[in-house]
Amino acid sequence: TSTSTTAVTLAGPSFSLGSWFGVPIQVHSSYFFLVILAVLTMMPHFIFAAYQLLLYGPILFLTIIVHEFGHLFAAKRLGGTPVCIIMWPLGGLALCGRLDPATPKSMALVAAAGPATHILQMPFWVICAFVISLAGTNDRFGFSSGIYGNEN
């Protein structure tokens, strides 16, 4: 089997985040469209807009990256060759070479490895949510101020 990787060229403007764990990461410029849209829709509520920026910016980005690495690490363990991760508006895309051997079981394991990373991430996010709840942020983010039309 060949261990060489193929360069991936994205249509439209994109940039590289370098190589993480030996895997190149490309970000298509349209990835930020949803982040900008989420923030703009909440601009009248500045604090909530900042929250949206944090949620859809680095938090979602890192969650997707970990998810995609789950696919690639499983593929590598099963004989595949990681090629790259592409980030775009609908999430991420992990590209790897053909598994050796490519059986239905090995392909199912690679497919399940991405979502399985969320189980490992869950304790971290639960702790983050708990810390945020201790800060009493519900009022700061507008959850009880009626921005969703549930004013009392």
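Residues numbered from 1 in each chain as written. Predicted model: local features only at pLDDT ≥ 70, side-chain atom pairs only at ≥ 80, totals over all residues. Heavy atoms only, no water.

Student: How should the overall build of the chain be read in this particular structure?
Tutor: A count of helices and strands for the chain gives 4 helices and 4 strands. Secondary structure elements of the chain occur, N-terminal to C-terminal, as β-β-α-α-β-β-α-α. Looking at the 152 residues of the chain, the share that counts as buried comes to 31%. For the chain, contacts bridging at least 24 residues in sequence account for 56% of all contacts bridging at least 6. (Helix = DSSP H or I, 4+ residues; strand = E, 2+ residues; numbered from the N terminus. Buried < 20%, exposed > 50% of the residue type's maximum accessible area, 1.4 Å probe, protein only. Contact = heavy atoms within 4.5 Å.)

Student: How do you make sense of the environment of Leu60 when you look at a structure like this?
Tutor: Its place among the elements puts Leu60 in helix α2 (residues 46-77). Sequence separation between Leu60 and Gly91 is 31 residues; the distance between their C-alpha atoms is 8.9 Å. Setting aside residues up to four positions removed in sequence, Leu60 forms contacts with Tyr31 and Leu55.

Student: Honestly, the environment of Pro13 in this entry has me stumped. Any pointers?
Tutor: Relative to the helices and strands, Pro13 resides in the segment before β1 (14-20). We classify Pro13 as exposed; its relative accessible area is 55%. As for Pro13 and Val27, which are separated by 14 residues in sequence, their C-alpha atoms are 8.9 Å apart. Those residues in contact with Pro13, other than ones at most four positions away along the chain, are His28 and Ser29.

Student: Explanation requested: unusual backbone geometry in the structure shown.
Tutor: Of all residues except glycine, most have a negative phi; of all peptide bonds, most are trans. Here the amide bond leading from Asp100 into Pro101 is cis, since omega sits at 5°, within 30 degrees of zero. Looking at the element boundaries, Pro101 is found in the loop between β4 (91-96) and α3 (104-134). Here Phe21, not a glycine, exhibits a phi torsion of approximately 55°, which is positive. Its location among the elements puts Phe21 in the loop between β1 and β2 (23-28).

Student: Even after reading the chapter, I still don't get the nonpolar core, so can you show me in this structure?
Tutor: It is characteristic of soluble globular proteins that their nonpolar side chains tend to be buried jointly. In terms of nonpolar packing, the biggest core is built from 11 residues, these being Val23, Ile25, Val27, Tyr31, Phe61, Ile64, Ile65, Phe69, Leu72, Ile85 and Met87. Where this core is concerned, the elements lending two or more residues are β2, α2 and β3 (82-88). No other element matches the 5 residues that α2 contributes to this core. Each residue touching Ile85, except ones within four places of it in the same chain, is listed here: Val23, Pro24, Ile25, Gln26, Ile65, Glu68, Phe69, Leu72 and Leu93. (Core = buried A, V, L, I, M, F, W, Y, C linked by side-chain atoms within 4.5 Å.)

Student: What's the story with a nonpolar patch on the surface in this structure? I'm lost.
Tutor: On the surface, Phe15, Leu17, Phe32, Ile36, Leu40, Met43, Phe46 and Ile47 cluster together to form a nonpolar patch covering roughly 740 Å² of accessible area. Among the elements of the structure, β1, α1 (32-41) and α2 are those that each provide at least two residues to the nonpolar patch. Considering every element that reaches the nonpolar patch, the biggest residue donor is α1, with 3 residues. When you line up the elements, Leu17 lands in strand β1. (Patch = residues over 30% accessible without salt bridge, like charges linked within 9 Å, V, L, I, M, F, W, Y side chains within 5 Å. Areas by Shrake-Rupley, 256 points an atom, 1.4 Å probe, with all protein chains shown as cover. Salt bridge = Lys/Arg side-chain N within 4 Å of Asp/Glu carboxyl O.)

Student: How should the sheet that holds β3 be read in this particular structure?
Tutor: Strands sit in the order β1-β2-β3-β4 across an open sheet of 4 strands; the sheet is mixed. The sheet is open, and its two borders are formed by β1 and β4, each paired with just one other strand. Each neighbouring strand pair of the sheet contributes to a mean axis angle of 20°, computed without reference to strand direction. Bridge analysis of β2 against β3 gives 3 bridges, and the strand direction is parallel. When the sheet's bridge partners are listed, Gln26 is paired in β3 with Ile86. (Pairing = 2+ DSSP bridges. Axes fitted to C-alpha atoms, helices over the stretch in contact; angles between N-to-C directions.)

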